[in-house]
Amino acid sequence: MNPTTRKIVIAGAMSALSVLLGSTVLGFIPWWTGTSLTFMTVPVIVGAVLEGPWVGLAIGFVLGASSLVQANIAPRGPGDVIFTNPLISIAPRLFIGPVSWLVHQALRDQDDSLALKVAAVAGSLVNVILVLVMLGLHQSTPQTLGNPVARTLMFAAGVGSALLVAWLVYRVLKGDRAPVTLTVVGMAGSLTNTILVLGVIGLLQIAPWTALVPIALFNGLPEAVVAAIITVAVVTAWRGIDTGRTGSTV
Amino acid sequence: MTAPVTPLIQVRALGHAYLRGTPLEVRSLDDVDLEVCAGDVVGIVGPTGSGKSTLLQHLNGLLPPQDGEVWVNGVALSDPAVDIRAIRQRVGLLFQSPEDQLFERYAGDDVAFGPRSLGLPAEEVRDRVRKALDDVGLPFAYKDRLIAELSEGQKRRLALAGVLAMEPQVLVLDEPTAGLDPQGRRELLGVLSGWCARDQRAIVLASHNMEDVTAVCTYVHVLVGGTVLLHGLPREVFQDADLLERYGLAIPAATETMHMLRERGFPVSTNVLFTDEAAREIEGLFGGRAI
Amino acid sequence: MAGPSEFELLGRVTIGQYLPTGSRLHHLDPRIKLLMVVLMITAVIVSHSLVGLALLLAVVVAGLLSARIPLRFALAGLGPMLPFLLLLALLQVFAIPQYGAGATVIWQWSILKATDRSVLAGALLIARFTVMVLGISLFSFSTTTTELTHGVEHLLRPLQALGVPAHEFALVVNIAIRFLPILAEEAERLMKAQASRGADFGRGQRNFIARTRRLLPLLVPLFLVSLRRAEQLIEAMEARSYLGGKGRTHLISLRARPSDYVALVGVAGLAALVVQLSAANADAFAWHWLTDRLL
């Protein structure tokens, strides 16, 4: 593999941006759960979409290393304690870029059959994730899920959201609209971060799963939405992609 | 100016240091006085790093005064209770290369940013966008143009419209013509003089370009190392060619030519700012015959 | 009210916080220092022994003293985390079910239950974080960013033979470090320009919608400016025929001295000892030894 000058420089510039977002007020939105929403992952996603998985990997590494150092020598808040562990601050961030790139590749030039396949996979993945979440909940609070009504509701919610996601993904792939693709890419990149960071925290038993699942839902999902909005705005502006509007709102 | 009026902006003994109180402290302004009255176009001239940008950022309260005081319409900016958003609305500031800071896709949305952040109703936002585009010489239909497809000069004027849409009384500009071609420069300076001539307005502009300063400014401050070295009418200030050159400041080409002729022993006046004045002086050398 | 730091971003970017005291630790080969940090982190993560972590802590504190870095500088990083650190430790003690099953209960109040294992887990958590914070502070206070990028590149060089683009990665880090102040300045300029047009950047505002809405005008041009600057740099590098790492020579050559190797072997030995202590269940031994003497 021989990276081009372009890849190196874009990786450097986006790394700098992710460090800037990650270490100043610029990259955070205060949020009612007490944990700020962050979108310092967006430069990683943008870098991966523009220049490929290796560039995303490099940016992710720099972002992770900087949040490791940041947490150690100048923590922004008490939550930074967790990020003093490189397994949490660096390792998950390595996957943001490659995952974003894969999703972008899968959605970019699709034909009908592929669209269906990806939609099906996405739908079932959502189902699997929800099932795992429920298992986690079950393990810690058996009495809640022991209730048949609660269990039925959960099951219905799981199947319903899986179907919804499958339909959305199918529409996206059929429609071939770059902004919609980028929305999915942005969300995928951001969720990769959320899921892996929380996953490692859970696996290392630093905090119990029951505390992590609500964070994933109440922080991870809005974070993914914000990341998607920014990703779409940046990439469409940079590439001059048509967003379907024809004039100002004035 | 006619009768003595309260200045729109008044700066007294202003001092500023970056990283104050650390070993890395850098003084960027020292004991600066400045006054801006209605109708004035005040030029701030100085080499790079002379504190021009720092001074401009004090005029609308982006930087609060560390030493000395700044008054806008008689309101002291060091007062912690000051309504800083009202001040920034009163004194509009356009940064260097403002076209880099356009962020919307469509021109109209960018101009509307200010009025919208003031919370104005849609109808009035539209009105202000129309007026601001008109002020900078762009047709209202440009509101639906893609910013990416405008020329550099048009983008610069669009950015200016974004500030004018706040309807400020004083307009502060940092190097407004840098990087424009002569045509774009002339157009922009025309827009500025036209805007300033109405409704008790005033302009403060920092520039490297002496031709800009002579073309529009009514008063000039020369800033060197954070202090005011010279100030006065453009004609007075540019008389001191030696002093200005010592600090690496160019003087207008016409003035410079006159200084050169004078050094070589020709009896011309150096009190010259424009080429037509220079031409008249040179004609004088030939006994008043047109050449 | 516009405080002086309302728009100041650079002051808060802390990467590369270097404290030039000129101690012997500052002069160690950066590659060696990097290796030492990696070894230390590994030991901290792997070890389950309080005795081992205490040993590491003692060595790190000794390092800080010999590097003439004021302890309050290094501890400053720990202060703001303390409440959360305690909360996490309490979670360990009371909320991780695995530590509760089959362990000796030493304290119980209604559903709150602390076992010997869960208390140990809480203590380990605090010890780990403390050692990590002080250790990495020591490294970053005594190493410049230039030394760091050189160190990374030299350490990764053997991987180059395997096809890993080590030189290129070091260049990425280098470019990032150079871009950082430029982008911070650019962001500051954007914020000021938008504040001049009525945007309100006062902190403390907690309205989610308002904050998100004023983010895009800031972030989109910031991304575009960095991409545009990157394009300019690409052009400049290609105009100078930059061809990548192959066959490039270095202006600065790193040479490790005997004292560097001594330090490295020392730290490697320490790391091995700490891991060994953990494996040998040294804590239980120490506990029995202490209780035998004291009781």
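Q: Could you clarify how one ought to interpret the overall build of chain A in this entry?
A: Across its full length, chain A carries ten helices and two strands. For chain A, the sequential pattern of α-helices and β-strands runs α-β-β-α-α-α-α-α-α-α-α-α. Across the 250 residues of chain A, 50% fall into the buried class. Taking contacts inside chain A between residues at least 6 apart in sequence as the whole, the part at least 24 apart equals 76%.

Q: What exactly am I supposed to notice about the overall build of chain C here?
A: The helix and strand tally for chain C stands at eleven helices and two strands. Going from N to C terminus, chain C has its helices and strands arranged as α-α-α-α-β-β-α-α-α-α-α-α-α. Scored against the burial criterion, the 295 residues of chain C give a buried share of 40%. Long-range contacts, defined as pairs at least 24 residues apart, comprise 77% of the intrachain contacts of chain C with a sequence gap of at least 6.

Q: Help me understand the sheet that holds strand β1 (residues 9-18) of chain B, please; the structure alone is not making it clear to me.
A: Note: strands within a sheet are paired through backbone hydrogen bonds, in either parallel or antiparallel orientation. All names here are of chain B. The strand order β2-β1-β4-β5 describes an open sheet built from four strands, whose pairing is antiparallel. Strand pairing shows two members of the sheet lacking a second neighbour, β2 (26-36) and β5 (75-76), which therefore form its edges. Contacts from helix α1 (residues 52-59) reach β1, β2 and β4 (67-72) within the one sheet, and its direction differs from that of β2 by about 55°.

Q: Please explain the packing of helix α1 (residues 5-23) of chain A against helix α7 (residues 166-195) of chain C as it appears in this structure.
A: Each pair of packed helices can be summarised by the angle the axes make with each other and by the distance between the axes. The N-to-C vectors of α1 of chain A and α7 of chain C enclose an angle of 50°; their axes lie 7 Å apart at closest approach. Viewed along their axes, α1 of chain A and α7 of chain C adopt a mutual orientation that is oblique. Both α1 of chain A and α7 of chain C take part in a crossing whose hand is right-handed. Of the residues in α7 of chain C, those in contact with I8, V9, A11, G12, A13, S15, A16, L17, V19 and L20 of chain A of α1 of chain A are E168, L171, V172, I175, A176, F179, L180, L183, A184 and A187 of chain C.

Q: Would you mind going over the sheet that holds strand β6 (residues 91-94) of chain B with me for this structure?
A: Residue and element names in this part refer to chain B. Strand order in this open sheet of six strands is β6-β7-β8-β3-β9-β10, and the pairing throughout is mixed. Every other strand in the sheet has two partners, leaving β6 and β10 (227-232) as the edge strands with one partner each. For this sheet the average axis-to-axis angle between neighbouring strands, irrespective of direction, equals 15°. As judged from the four bridges shared by strand β3 (residues 41-45) and strand β9 (residues 219-224), these two strands associate in the parallel manner. Within β9, the position partnered with V45 by the bridge is V222.

Q: Any chance you could explain the interface of chain B and chain C here in plain terms?
A: For an interface, size is often stated in terms of accessible area lost upon the parts coming together. Each partner contributes residues to the interface: chain B has 24 residues there, and chain C has 17 residues. Those elements that provide at least two residues to the side of chain B that touches chain C are α2 (84-90), β6, α3 (107-117) and α5 (152-164) of chain B. Top contributing element to the side of chain B that touches chain C by residue count: α2 of chain B, with four residues.

Q: In this structure, what is going on with helix α6 (residues 182-196) of chain B? I would like to understand it.
A: Helical periodicity: at 3.6 residues per turn, an α-helix aligns residues three or four positions apart in one direction. Between the first and last C-alpha of α6 of chain B there are 21 Å, a value that for 15 residues agrees with the 21 Å anticipated at 1.5 Å per step. Residues of α6 of chain B that are buried in the fold lie against β3, α4 (122-135), α5, β8 (202-207) and α7 (210-216) of chain B.

Q: Explain unusual backbone geometry to me, please; I cannot follow it from the model alone.
A: Phi at S97 of chain B takes a positive value of approximately 40°, unusual for a residue other than glycine. Inspection of the secondary structure puts S97 of chain B in the loop between β6 and α3. One non-glycine residue, R68 of chain C, lies in the positive phi region at around 55°. Within the secondary structure, R68 of chain C sits in the loop between α2 (50-66) and α3 (71-76). Looking at R68 of chain C, the number of C-beta atoms within 10 Å reads 15, which means it is partly exposed.

Q: What is the right way to look at the pairing of β1 of chain B in this model?
A: For a regular strand, side chains alternate in direction, first toward one face of the sheet and then toward the other. Residues and elements named next belong to chain B. Looking at chain direction, β1 and β4 are connected through five bridges and run antiparallel. Opposite G15, over in β4, you have D67 as the bridge partner. The sheet contact formed by β1 and β2 spans seven bridges and is antiparallel. From the neighbouring strand, V11 faces β2, where its bridge partner is L34.

Q: Explain the environment of M191 of chain C here, please?
A: With respect to the element layout, M191 of chain C can be found in helix α7. In this structure, the C-alpha to C-alpha distance between M191 of chain C and P217 of chain C, residues 26 residues apart in sequence, is 9.2 Å.

Q: Whenever I open this one, the packing of helix α1 (residues 30-46) of chain C against helix α5 (residues 116-141) of chain C confuses me. Can you help?
A: All names here are of chain C. It is at 10 Å that the axes of α1 and α5 come closest, and there the two elements cross at 175°. Regarding the angle of α1 to α5, the classification is roughly antiparallel. Every residue of α5 that contacts α1 at K33, V37, M40, I41 and V44 is listed here: R128, V131, M132, G135, I136 and F139. Classifying every residue of the contact of α1 with α5 by side-chain character gives eight nonpolar, one polar and two charged.

Q: Sorry, what's going on with the nonpolar core here?
A: What tends to happen in soluble globular proteins is that the nonpolar side chains get buried as a cluster. One finds A13, L20 and A58 of chain A, A161 and V204 of chain B together with A176 of chain C to be the most contacted residues of the largest nonpolar core, which totals 223 residues. Looking at which element gives the most residues to this core, the answer is α7 of chain C, with 18 residues. Setting aside chain neighbours within four positions, we find A13 of chain A in contact with I175, F179, S226, L227, R229 and A230 of chain C.

Q: For this particular structure, what's the right way to read the confidence of the model for chain A?
A: Summary statistics for chain A give a mean pLDDT of 74 and a share of 65% for residues scoring 70 or more. Note on residues 140-146 of chain A: pLDDT under 50 across the span, and twelve contacts to partners over four residues away in sequence or across chains.

Q: Can you walk me through α2 of chain C in this structure?
A: Residue and element names in this part refer to chain C. Helix length check: α2, at 17 residues, gives a terminal C-alpha distance of 24 Å against a target of 24 Å (1.5 Å per residue), a fit within 8%. Within the sequence span of α2, burial applies to L50, G52, L53, L56, V60, G63 and L64. Each buried residue of α2 lies within a common arc of 150° when the element is viewed along its axis, so the set occupies one face. When the buried face of α2 is taken as reference, the exposed residues oriented beyond 90 degrees from it are A58, A62, L65 and S66. Immediately beyond the C-terminal end of α2, within one or two residues, lies R68, with a positive phi of roughly 55°.

Q: Can you help me understand the environment of A230 of chain C in this one?
A: Along the chain, the position of A230 of chain C falls in helix α9 (residues 216-239). Separated by 55 residues in sequence, A230 of chain C and I175 of chain C have C-alpha atoms that sit 9.5 Å apart. In contact with A230 of chain C, other than residues within four places in its own chain, are V9, I10 and A13 of chain A.

Q: Is there a simple way to think about the environment of P252 of chain B in this case?
A: Residues and elements named next belong to chain B. Of note, P252 is situated in the loop between α9 (241-246) and α10 (253-263). Taking the C-alpha atoms as reference points, P252 and M210, separated by 42 residues in sequence, lie 5.2 Å from one another. For P252, the residues in contact, after removing those within four places along its chain, are M210, E211, T214, F238 and L273.

Q: Would you mind showing me how to read the confidence of the model for chain C here?
A: Interpretation of this model should avoid reading the predicted coordinates in detail wherever pLDDT is low. All names here are of chain C. Across chain C, pLDDT averages 77, with 80% of residues at or above 70. This model gives residues 12-16 a pLDDT under 50, and the stretch forms 17 contacts once residues within four places in sequence are excluded. Here the prediction assigns the complex a pTM of 0.73, and the interface score ipTM is 0.82.

How each quantity is defined
- Counting restarts for each chain: residues are numbered from 1 in the order of the written sequence.
- Each chain gets a letter, beginning with A, and each ligand a number, beginning with 1, in the order they are written.
- Under the rules for a predicted model, residues below a pLDDT of 70 receive no local features and side-chain atom pairs below 80 are neither given nor counted, while totals for whole chains, interfaces and linings still include all residues.
- Secondary structure counts use DSSP, requiring at least four H or I residues in a row for a helix and at least two E residues in a row for a strand, with both numbered from the N terminus.
- Put plainly, a residue is buried at 20 or more neighbouring C-beta atoms within 10 Å of its own, exposed at 12 or fewer, and partly exposed in between, counting only other residues' C-beta atoms, which are placed from the backbone.
- We call two residues in contact when their backbone-placed C-beta atoms lie within 7 Å.
- If DSSP finds at least two bridges between two strands, the strands pair.
- Here an axis means a line fitted to C-alpha atoms, over the contact stretch when the element is a helix, while the angle between two N-to-C directions is reported on a 0 to 180 degree scale.
- Working definition: roughly parallel below 35 degrees, roughly antiparallel above 145 degrees, roughly perpendicular at 65 to 115 degrees, and oblique for all remaining angles.
- Take the far helix as your reference; a near helix turned counterclockwise from it by less than a right angle gives a left-handed crossing, and one turned clockwise gives a right-handed crossing.
- Helix span, as expected, comes to 1.5 Å for every residue beyond the first.
- Classification convention: Asp, Glu, Lys, Arg as charged; Ala, Val, Leu, Ile, Met, Phe, Trp, Tyr, Cys, Pro as nonpolar; all other residues, Gly among them, as polar.
- For our purposes the nonpolar core covers buried Ala, Val, Leu, Ile, Met, Phe, Trp, Tyr and Cys residues that link as a set through C-beta atoms within 7 Å.
- Looking at any residue, its pLDDT shows the predictor's confidence there, from 0 to 100.
- Working note: the arc is built from the helix axis to C-beta atom directions.

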